Structures are given as structure tokens and as C-alpha cells.
Amino acid sequence: MRKLENKTAIVTGGSRGIGANICLSLAAEGAQVVVNYAGNAKAAAEVVDKIEAAGGRALAVQADVSQSAEVKKLFDFAEQQFGKVDILVNNAGVVHYKTIEETTDEEFDRVMRINTYGTFYGMREAASRMADNGRVINISSSAVRMMLPTYGPYCGTKGAVEQMTRSFAKEMGLRGITVNAVSPGPTETELFMDNPPEKIERMRNLAALGRLGRPDDMGPVIAFLASEDGGWITGQVVPVNGGTA
Ligand SMILES: NC(=O)c1ccc[n+]([C@@H]2O[C@H](COP(=O)([O-])OP(=O)(O)OC[C@H]3O[C@@H](n4cnc5c(N)ncnc54)[C@H](OP(=O)(O)O)[C@@H]3O)[C@@H](O)[C@H]2O)c1
């Protein structure tokens, strides 16, 4: 029996990068997956196609996680289609590399709304709507543990996610629901590979294992945390970064 048979998962930002690999990994363990995306319907449909081609079940849903009504809609959809929500992966995120001095109100608002508010809205829906013994996994970043100029606003959004993770674990634990964060290091996705080549090289050299992360380094760890085997881990931030930080 696969580890997530009969479980329903919502993965925000499931259309590309790390989120797409999380969708594939959860589905490979038997979960039915709601693949959320913001604007890239084609990429989300490709993830669904891959899951279906492997015999799994998945549906793509557009929703902007920075809007609470849209996150509610995501849960409504999952409940209508699959009956319940057992696993929520708050993965949708954007980066912002500017000094604090250079960052405008609008830029700070955007990165906060998607990374932090989006995660908050997901957890708030999960609080009343997630099935007992469920799993919440928030995607943070190993950059939180590093002192990197131009990462202040971004790390601020993820630091807030890590703190909410700890409190929410205490709030949900008596229903058997675990709440953890996973913090990837630099990972080969569009979000990171948009950086200048010299910065990519510098980040690669920070890893003890001497390479960048790949999306498929992440999905299996999330699938483990989502499974029964991960049931005694809660309130933790799990670095998955090849020894970068
Ligand atoms: N890559 C890294 O080096 C790295 C390192 C540490 C942490 N992380 C974190 O890992 C997570 C995934 O990053 P990634 O590298 O996989 O990014 P990515 O390749 O740029 O993919 C981002 C995903 O988020 C979705 N998204 C963006 N804004 C959204 C919104 N408002 N509502 C719903 N979905 C939205 C995108 O949907 P569309 O396809 O529709 O645009 C896409 O599926 C993020 O939280 C990021 O901060 C990444």
C-alpha cells in the first residue's frame, strides 16, 4: 500500500519548480492532488497530465493565494471534488532581491502578500477544514539562516512563515495534525536560475554537497512529512539544502 492512499492534497504553486515536483511526489504515493497555479494554466495542466499518465488523480485550479477569498475557493474546490483535505503544502512564492532602502511599498506588499499572507490564509482555512491527522507543510527558505544583503524583505516573509508554523503546530496538535516548514537551499527553478551566473556559482559553492538543489530533492521529503511515518515531527523547520546553511 502506498503511503498517501486516499489522501487529498492541495499544493499551492503546484504548476512549476519545487511545487510541481511536490505534486508528482505526493501523487506517486497515492494522494489525489489539487494543483494550484496563479497564471500558468498550461504548466499546471502538464503536471496534471503527468500524474494521470502514471495512473493518479489530479485537478488544476487557478487561485491567487494572496487573496483570502481565492484560498477559500481552493478549499471549496478540493472538498467538492475529493470530499476532504488531508494535506496542505503552502509552496507558492516569489522572490525579491533589493536592499531595504530600495524596496518600495508596492514591492514589499507584493512579496508579503504572496509568501506570508498566502501561507496564513492557507493555514487559517486548514484550522477549521482539514481532516484529523492532517498535514500542513509550509515552504520557507534556507536564506532565513544566512546574512545575505538584498534578501531582507524576502527573508522577512519567510521568517514570519517559520514563526507561524511553530504556533500553529501547537494549535492543531491535539487533532493529530502536524505543521512543519521545509526550507530549501538554492534550487534549480526559474525563480532561482533568473539570477546572474556569478551569483548562481557562488550559491552552488556554498553547499557541502557541491551542487545546487533540484526540485526532485524536495518532493520526497515533503511526501515523507505528509505520511504516517512523519507523524511525530511537528513544529519544526526542516532544512533541505545539501548543507548550504
Ligand atoms: N528555487 C529556490 O532556490 C528556492 C529556495 C528556497 C525557497 N524557495 C521557495 O520554494 C517555493 C517554490 O519556489 P520555486 O523556486 O519552485 O518557484 P517558481 O519555479 O518560480 O514557481 C513558483 C510557483 O508559485 C506559483 N505562484 C506564484 N505566485 C502565486 C500566487 N499569487 N498564487 C498562487 N500561486 C502563485 C507559480 O504559479 P504560475 O506557474 O501560475 O506562475 C508557480 O507555480 C517558494 O515559496 C520559494 O520561496 C525556492
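A short tour of the structure in this document, coming up. Predicted model only: the values in this text are computed from it and were never measured.

**A few points about the site of the ligand**
Here's step 1: In the vicinity of the ligand there are 30 residues, among which G13, G17, N40, G93 and T189 approach most closely.
Here's step 2: Elements supplying a minimum of two residues to the shell around the ligand: α1 (17-28), β2 (32-37) and α6 (190-193).
Here's step 3: Residues that form the shell around the ligand fall into these classes: 13 nonpolar, 14 polar and 3 charged.

**Points about the packing of α1 against helix α8 (residues 215-226)**
Here's step 1: Remark: α1 packs on α8, axes separated minimally by 8 Å, with the N-to-C direction vectors making an angle of 50°. Overall, the two elements α1 and α8 adopt an arrangement that is oblique. Both α1 and α8 take part in a crossing whose hand is right-handed. Every residue of α8 that contacts α1 at G17, I18, A20, N21, I22, L24, S25 and L26 is listed here: P215, D216, M218, G219, P220, I222, A223 and A226.

**Details of the environment of S128**
Here's step 1: Turning to its location among the elements, S128 is positioned in helix α4 (residues 105-129).
Here's step 2: Under the C-beta neighbour-count criterion, S128 is labelled exposed, with 7 such atoms within 10 Å.
Here's step 3: The spacing of S128 and E228 is 100 residues in sequence and 21 Å in space, taken between C-alpha atoms.

**Section: the nonpolar core**
Here's step 1: Among the nonpolar cores identified, the biggest contains 60 residues, and A9, C23, L26, V33 and V35 are the most heavily contacted of them.
Here's step 2: For this core, the element with the most residues is α1, which contributes 7 residues.
Here's step 3: When residues no more than four places from it in sequence are discounted, the contact partners of L26 are L4, A9, A31, V33, I87, A223 and A226.

**What to know about α8**
Here's step 1: Between its first and last C-alpha atoms α8 spans 17 Å; for 12 residues at 1.5 Å apiece the expected length is 16 Å, and the two agree.
Here's step 2: The set of residues buried in α8 consists of D217, M218, G219, I222, A223, L225 and A226.
Here's step 3: Tucked into the core, α8 has its buried residues touching β1 (8-11), α1, β4 (85-90), β5 (130-139), β6 (178-184) and β7 (237-240).

What counts and what doesn't
Residues numbered from 1 in each chain as written. Predicted model: local features only at pLDDT ≥ 70, side-chain atom pairs only at ≥ 80, totals over all residues. Near = placed C-beta within 6 Å. Helix = DSSP H or I, 4+ residues; strand = E, 2+ residues; numbered from the N terminus. Nonpolar A, V, L, I, M, F, W, Y, C, P; charged D, E, K, R; others polar. Axes fitted to C-alpha atoms, helices over the stretch in contact; angles between N-to-C directions. Parallel < 35°, antiparallel > 145°, perpendicular 65-115°, else oblique. Left-handed = near helix turned anticlockwise from the far one by under 90°. Contact = placed C-beta atoms within 7 Å. Buried ≥ 20, exposed ≤ 12 C-beta atoms within 10 Å, placed from the backbone. Core = buried A, V, L, I, M, F, W, Y, C linked by C-beta atoms within 7 Å. Expected span 1.5 Å × (residues − 1).

The analysis is restricted to geometry; functional conclusions fall outside its scope.
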